Amino acid sequence: MSAYIIEGGSKLYGSVRVHGAKNSALPILAACILTNGECVIDDCPPLRDVEGTVRILRRLGATTVRDGDTLAVKASALAKNDIPDSLMREMRSSVIFLGALTARYGSARLSYPGGCELGPRPIDLHLAGLRSLGAKIVESGGGIECSAPDGLRGCDISLSIPSVGATENIMLAATAAKGRTRIFNPAREPEIVDLQNFLTAMGAEVRGAGGSIIEIEGGKPLHGARHRVIPDRIVAATYMAAVASAGGAVSIENVRPADIASVSAVLREAGVDIRESQNRIEVASEGRLKSVRPIKTQGYPGFPTDAQSIIMSVMASAQGTTMFVENIFESRYRHAGELIRMGADIRVEGRVAVVSGVKRLYGANVSATDLRGGAGLVVAALGAEGETAVGDIEFIERGYCGLDESLAGLGAKISRR
Ligand code: UD1
């Protein structure tokens, strides 16, 4: 296991570019198997989770060629319709292949993705959506078999929770369903709109993403397409939080300010200076920040659960008390225990965390508990006094490409061990 060694207290200056969004790239790569034409995906960074998805594509028989951040995928000769347990375990989000494989082959077989570090993550909505489209699903011995021997049929599907993954899985399957599918109460995240844009570029008829109903006219012939993945809004939020924690002035490039308006609003309330232009955010912070009104995680455009840990690290040394309410996932406060090792005053009770800002955090040996929790610890360490070792950074590398190098480029004292 590797670690970041961070000597806190250096202010950050300069500019940094945000890479393509992991959560967009994964469903878009799954969508590449809907056609036998070549798909070229730009700004598709070689993150751990993206590389895991590439391994799945190859296992299925697709060819992939990487040139920097551009990935070409050709799924002309798909050889398999199953994903083995070892690949499924690497990444829970590989369940997205269920919809894509069923659309392409009429059947799919994969092992159950199971729980993860954020607590239990059921896939009942994914399966119910596919069943509504006419798929027969058999769950046995940790495996899921999905088949639609008579083809999929478009229908109305109402999601009880606007699940991101379920929305994407249904969208992918519905491209091959006969007739019109409507998804009511879908997730509205920017990554859903990005998937719609890619599917549209492939020749699919999809509209409404980002709103309250998504409509898909299925059965259109799909062809290869070229697409640029949207910038990663959580990576952008991480750099903003890093400046808030360490102080300094940084220009964050390749970012869509509207995608992280809820995070900017919180940081502004805390006293961070944020200036937005079309695809840039300039962040400046000096002195001690102040606590903010309760932060409640919600689906987009609400405050993202993926930014909860990152902002908690900022609030841990702000003046006053900030309350967090985690509404999306259970067990998403494991980073709080690590922050406490750095001197933070945090009380967690169920879905609520009360953060009483301390004057400063101190360097300590801590471990990343999950992807975003780990990024939060890096943010905390940048503003802490003394040296912090953040262990288990493999979690962080699932979603960040060269975070240490980018932060070092801004003046942070960070190295990888
Ligand atoms: C995606 C993101 C993740 C983000 C999350 C919420 C990807 C690869 N991951 O995860 O980074 O934190 O959205 O914005 O895009 N649920 C059910 N049944 C289901 C599906 C979900 O009960 O079948 C529940 C989950 O337990 C959770 C909530 O719905 O409480 C939201 O989960 P969901 O939106 O599905 O998250 P993911 O797609 O897994």
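Below is a short write-up of the structure. In this text, all values refer to a predicted model and were calculated from it rather than measured experimentally.

**Thoughts on the overall build of the chain**
If you tally the helices and strands in the chain, you get 13 helices and 24 strands. Taken over the C-alpha trace, the chain has a radius of gyration of 21 Å; the compact-globule value for 417 residues is 22 Å, and the two agree within 12%. Projecting the C-alpha coordinates of the chain onto the three principal axes gives extents of approximately 65 × 45 × 40 Å. When each of the 417 residues of the chain is scored for burial, the buried share is 58%. By sequence separation, contacts in the chain at least 24 residues apart represent 72% of the contacts at least 6 residues apart. Here the chain displays about 15900 Å² of accessible surface, and carbon together with sulfur accounts for 46% of that area. Positive and negative side-chain charges in the chain, numbering 47 and 46 respectively, have mean positions lying 2 Å apart.

**Structural notes on the pairing of strand β4 (residues 63-67)**
Of the strand pairs in this sheet, β4 and strand β5 (residues 70-74) are connected by five bridges, and their pairing is antiparallel. By the bridge assignment, V65 is partnered in β5 with A72. The hairpin formed by β4 and β5 contains two residues between the paired strands, and G68 there has a positive phi angle of roughly 65 degrees.

**Here's the deal with the environment of N36**
Residue placement: N36 occurs in the loop between α1 (22-31) and β3 (38-42). Measuring from C-alpha to C-alpha, the distance between N36 and D194 comes to 21 Å, with 158 residues separating the pair along the chain. When sequence neighbours within four positions are dropped, the list of residues in contact with N36 reads K74, A75, S76 and R104.

**Some remarks on the pattern of salt bridges**
One pass over the full model with this rule turns up 26 salt bridges. Residue K22 pairs with D49 through a salt bridge whose shortest N-O separation is 3.8 Å. You can see K22 sitting in helix α1 and its partner D49 sitting in helix α2 (residues 48-60), a full 27 residues away along the chain. Accessibility expressed as a relative area gives 9% for K22, which makes it buried. Note on D49: relative accessible area 4%, which makes it buried. We note a salt bridge from R48 to E397, for which the minimum N-O separation is 3.6 Å. A residue pair is termed long-range when its members are at least 10 positions apart, and R48 in helix α2 and E397 in the loop between β23 (387-391) and α13 (403-409) qualify at 349 residues. Given the relative accessible area of 42%, R48 is considered partly exposed. Overlapping salt bridges, with partners in common, bring together R180, E205, R207, E215, E217 and K220 in one network.

Quick notes on the rules
Residues numbered from 1 in each chain as written. Predicted model: local features only at pLDDT ≥ 70, side-chain atom pairs only at ≥ 80, totals over all residues. Heavy atoms only, no water. Helix = DSSP H or I, 4+ residues; strand = E, 2+ residues; numbered from the N terminus. Rg over C-alpha atoms; globule rule 2.2 N^0.38 Å. Buried < 20%, exposed > 50% of the residue type's maximum accessible area, 1.4 Å probe, protein only. Contact = heavy atoms within 4.5 Å. Areas by Shrake-Rupley, 256 points an atom, 1.4 Å probe, with all protein chains shown as cover. Lys, Arg positive; Asp, Glu negative; His and termini not counted. Charge placed at Lys NZ, Arg CZ, Asp CG, Glu CD. Pairing = 2+ DSSP bridges. Salt bridge = Lys/Arg side-chain N within 4 Å of Asp/Glu carboxyl O.

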